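# Descriptive structure summary
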Amino acid sequence: MADPVAEEHVSQVSELCCECGQFHLLLDNHLYNFQDEVDDELICHICLQPLLQPMDTPCGHTYCFKCLENFMQEYNFCPMDRKKLSFQQCHKSSLLVRNLLDKLIVFCPFKAECQQTMQRCELEAHLQNRCPGFKKYKSELQRKKNPISKGKEDAPTKVETNTAKDPEVPSAGSSLVAESSAAAVVSLGTAEPGLVNPAFEETEEDLPQRTSLVAETNTIEIHREDPEEELGMRIVGGKDTPLGNIVVQEVLQDSVIAADGRIAPGDHILEVNGVNISSVTHCQAVSFLRHPGPVLHLMVLQEKGFSNKTAQQDSTSATNREVIHVTLIKRDRSEPLGIKLIRKTDEAGIFILDLLEGGLAAKNGKLSRNDRVLSINGQDLRQGTPEAAAQIIQTTESRVNFVVLRQPGMQLSDPVEDGSTSNSSSSSSNGGSPVHHRRRLDQNHYRRKSNYQKDLPQGYVSHEKTVAIKKEPKESLGITIGGGRDNKNKLPIYVTSVQPIGCLFRDGRIKRGDVLLSINGIDLTHLNYYEAVSALKSNAASHSVILKALEILSLNSTEPSLDIKEQGFSWSPLWITWLGLPSYLHCCQDIVLTKGNLESWGFSIVGGFEESKGNQPFFIKTIVPGTPAFRDRKLKCGDEIVAVNGVPAIGMSNSELIPMLKEQKNKVTLTVVSWPGSLV
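The numbers attached to residues start from 1 for each chain and follow its sequence in the written order. With the structure being a predicted model, the display of local features is reserved for residues of pLDDT at least 70 and the display and counting of side-chain atom pairs for 80 or more, all residues being used for whole-chain, interface and lining totals. Each side-chain value is derived from all of the structure's non-hydrogen atoms; neither hydrogens nor water enter the calculation.

## Regarding the pattern of salt bridges
We define a salt bridge as a contact between a side-chain nitrogen of Lys or Arg and a carboxyl oxygen of Asp or Glu at a distance within 4 Å. Enumeration over the complete set of coordinates arrives at 17 salt bridges. Here Glu 663 and Lys 92 are joined by a salt bridge, their closest N and O atoms 3.8 Å apart. One end of the pair, Glu 663, is in helix α15 (residues 654-663); the other, Lys 92, is in strand β4 (residues 91-92), with 571 residues separating them in the sequence. The partner of Asp 507 in a salt bridge is Arg 509, and the shortest N-O contact between them spans 2.8 Å. Each residue is assigned to one of three classes by its accessible area relative to the maximum for its type, calculated with a 1.4 Å probe on protein chains only: buried under 20%, partly exposed between the two thresholds, exposed over 50%. Of the residues examined, Asp 507 reaches a relative accessible area of 29% and is grouped as partly exposed. Each helix corresponds to a stretch of at least 4 residues labelled H or I by DSSP, and each strand to a stretch of at least 2 residues labelled E; elements are numbered beginning at the N terminus.

## Some remarks on the packing of helix α2 (residues 95-102) against α15
The axes are straight lines fitted to the C-alpha atoms, using for helices just the contacting stretch, and the angles between their N-to-C directions are given from 0 to 180°. Their axes nearest at 10 Å, the elements α2 and α15 cross at an angle of 145°. In this structure, the crossing between α2 and α15 has a hand that is right-handed. Contacts from Leu 95, Arg 98, Asn 99 and Asp 102 of α2 reach α15 at Ser 655, Pro 659 and Glu 663. For this scheme, ten residues count as nonpolar: Ala, Val, Leu, Ile, Met, Phe, Trp, Tyr, Cys and Pro. Four count as charged, namely Asp, Glu, Lys and Arg, and the remainder, Gly too, count as polar. Broken down by class, the residue content of the contact of α2 with α15 amounts to two nonpolar, two polar and three charged. It is the rotation of the near helix from the far one that decides the hand of a crossing: anticlockwise by less than a right angle makes it left-handed, clockwise makes it right-handed. Only heavy atoms matter for contacts: two residues are in contact if any of them lie within 4.5 Å across the pair.

## Focus: the sheet that holds strand β2 (residues 54-56)
In short, DSSP must find at least two bridges between two strands for them to pair. The strand order β3-β2-β4 describes an open sheet built from three strands, whose pairing is antiparallel. With one partner strand each, in any of the chains shown, β3 (62-64) and β4 form the two edges of the open sheet. Across three bridges, β2 lies against β3 in antiparallel orientation. Paired with Met 55 across the two strands is Tyr 63, which belongs to β3. Running over the sheet, helix α1 (residues 65-72) touches β2 and β3 and is turned about 95° from β3.

## Focus on the nonpolar core
In a soluble, globular protein the nonpolar side chains are often hidden away together inside. Take the buried residues of types Ala, Val, Leu, Ile, Met, Phe, Trp, Tyr and Cys, join any two whose side-chain atoms come within 4.5 Å, and each joined set is a nonpolar core. Core analysis: the largest hydrophobic core is formed by 73 residues, its most contacted members being Met 233, Ile 269 and Phe 603. Non-local contacts of Ile 269, meaning those with residues more than four positions away in its chain, are made with Met 233, Ile 235, Ile 246, Val 248, Ile 277, Leu 289, Met 299 and Val 300. Of all hydrophobic cores here, the second largest spans 38 residues; its members include Leu 42, Cys 90, Leu 101 and Phe 134.

## Quick word on the sheet that holds strand β5 (residues 105-107)
Ordered in space as β1-β5-β6, the three strands form an open sheet in which the pairing is antiparallel. Edge positions in the open sheet fall to β1 (33-34) and β6 (117-119), since each of these has one partner strand only. In this structure, β1 lies alongside β5, joined through two bridges in antiparallel fashion. Considered in β5, the bridge of Asn 33 is made with Phe 107.

## Focus on the UniProt feature "domain: RING-type" (unreviewed entry) in the chain
Per the UniProt record, the feature "domain: RING-type" (unreviewed entry) sits at residues 44-82. Helix makes up 21% of residues 44-82 and strand 15%. Its end C-alpha atoms lie 16 Å apart. UniProt positions are given in the numbering used here, feature names are shortened, and annotations may be inferred rather than shown by experiment.

## What about the environment of Ile 222?
The residue Ile 222 is located in strand β7 (residues 213-223) in this model. Along the chain, Ile 222 and Leu 298 lie 76 residues apart, while their C-alpha atoms are 7.7 Å from each other. Ile 222 has contacts with Leu 231, Val 256, Ile 257, Asp 260, Pro 294, Val 295, Leu 296 and Leu 298, leaving out every residue within four places of it along the chain.

## With respect to a negative patch on the surface
Patches here: salt-bridge-free residues with over 30% relative accessible area, like charges joined within 9 Å, nonpolar side chains (Val, Leu, Ile, Met, Phe, Trp, Tyr) joined within 5 Å. Under the convention used here, a 1.4 Å probe and the Shrake-Rupley method define accessible areas, while residue burial counts only the protein chains that appear. In summary, the charge assignment counts Lys and Arg as positive and Asp and Glu as negative, without counting His or the chain termini. We put the charge of a Lys on NZ, of an Arg on CZ, of an Asp on CG and of a Glu on CD. A cluster of acidic residues, Glu 37, Asp 39, Asp 40 and Glu 41, forms a negative patch at the surface. Inspection of the secondary structure puts Glu 41 in the loop between β1 and β2. Using a relative accessible area of 67% as the deciding quantity, one classes Glu 41 as exposed.

## Quick notes on a nonpolar patch on the surface
On the surface, Val 461, Leu 553 and Leu 555 cluster together into a nonpolar patch covering about 250 Å² of accessible area. Structurally, the position occupied by Leu 553 is in strand β26 (residues 544-554). Owing to a relative accessible area of 35%, Leu 553 belongs among the partly exposed residues under this scheme.

## Observations regarding the packing of aromatic side chains
Any two rings among Phe, Tyr and Trp, with Trp reduced to its six-membered ring, count as a pair given centres within 6.5 Å; such a pair is stacked if its planes are under 30 degrees apart, edge-to-face if over 60, and tilted if neither. Applying the stated rule across the entire model yields eleven aromatic pairs. Taken together, a centroid distance of 4.7 Å and an interplanar angle of 35° make the contact between Phe 71 and Tyr 75 tilted. You can call Tyr 75 partly exposed: its relative accessible area is 38%. For the pair Phe 134 and Tyr 137, a centre-to-centre distance of 5.9 Å together with 35° between the ring planes defines the contact as tilted. Within this pair, Phe 134 and its partner Tyr 137 are both found in helix α4 (residues 132-144), separated by three residues, close to a single helical turn. Each member of the pair, Phe 134 together with Tyr 137, is buried. A network of ring pairs unites the aromatic residues Phe 71, Tyr 75 and Phe 77 as a single cluster. Its end group placed over the ring of Phe 77, Arg 82 keeps NZ or CZ at 4.2 Å from the ring centre. Remark: a charge is flagged as sitting over a ring if the NZ atom of Lys or the CZ atom of Arg is within 6 Å of the ring centre and within 35 degrees of the ring normal.

Here it is in structure tokens:
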């Protein structure tokens, strides 16, 4: 293969394919360099290449999906035996056949810079995350295109909506997406969604519905009155984890980021103050994001969901819309804002229908009818519902931060009254729950089952220690703790500080970050925070204390421990630390997702078994707006997938788990473990 960097690329068609790393027409099959000769039984007898998306005919022959589809547009018989045939009679090959094809060994196409071999299904992730040759190619391609001109527009007041007006992503986004976000790459100009490994089944029925996954890069300027103030978001990922990129897991209420309203969970952070952090470790990213200063410039990759005809039509009139930030302050939680919200029949999102006279919003005067609500208190509502917005407003104590999109001169059309023939729904923030809103009960959490347990990931060691101390009865242990099974993430009890006044400081063996297992034989691993405090205090009154604790060590991390301040506690472990917690201390949660026949599950995964790295956990990397995973709101970026429909994921490769997810048609149960992202 010729050196791709030396080629001149004048159009989208002549660019390298981001999935196979070779040149081919957009509508043609991907090309691969196979290590060994492939068995004739696995060859398509139309293109004479190993099968891609294999389809079986009723007469017993197998062809590539694209090859057969193109052939059947001109002929009505099987290419091999010429028996009468229609495309509708054909069906996907068995999971066994697809797995065999996915496991074929291929060379990396960038032989000059990379001599690695891998399974065919792993090539795309290799190109996006690890291949130096592909990275060099993308850098050269980006240099040839128009560079991103930072600051050329007023970021706080204007927004560009790069929806699929054209079948390609703007150059500013396409090069950055391909280099920095494996899970958010758009298949330019094709009918396939562009996730590296989404739980999405491409069928001919899907093609008219979704043309591509729309993503864009934005430079966001964050202002802080106090340069030391926390941004108020949690992050996961880093080059030392399977996620690779730095991903926003959560935006905290009443934080600097929430007040700004433009960053949402799932966004990938590419740059901080001009420094590329797409290939730094987790600890390094935390350090960059915690650097004090009055102004912070962030470049983020934001996925907007799958494009469709409505989105294309809407993009033509969205350019001049204005983003407005409005803060309403309630005197107490129950005070109504006096806003009526509506969902239109022909456009995604939530719109302001009316402002009630005398209400808080009407008195404030900054919100208007037909404003589209983008977020409330940092919660992304671009694909949300009035019910979800009302829930956020009702649970907010004081400050309600709105980010809305406004197009001057537009008036809201009257909503459809007949709910049985319309998908519109309305809600009011006047305190009561919407008529058809039902608040879901929390899913039950449970200890990770024995058949779900795994060895510690590479690079981690856990050391259990028993500390026996003789002390005066009135002498304090001198530690503060965090976590507890009542915590949102069901964490074990851990030490947040060792005070210089207590006996444990004098002993020196218990350290900040240690997980407490028991005290004087009393198990602490299943207790909530207040139960653990009570157990520690009562046993500290004795003359001797036997404390069992677990120390988690990361062998790969050379960065010093970072002090992460957090509401309620002075310190908490980084997200990356929890990855080294032994399985028997994990708390699992079952998340049930449902979808329609033509929908994607809406998430992508990374991780799994690789020969070079051994067993790695599977992580959620991307959650696509407007999909079942996004609407459910329980799944988060950085969550570890433990099992699918009760089948343990440990030991599986990416090419084994992806087909299992695709096989689930309308319902899937994901068993996950969720760790809190690092607070920045």
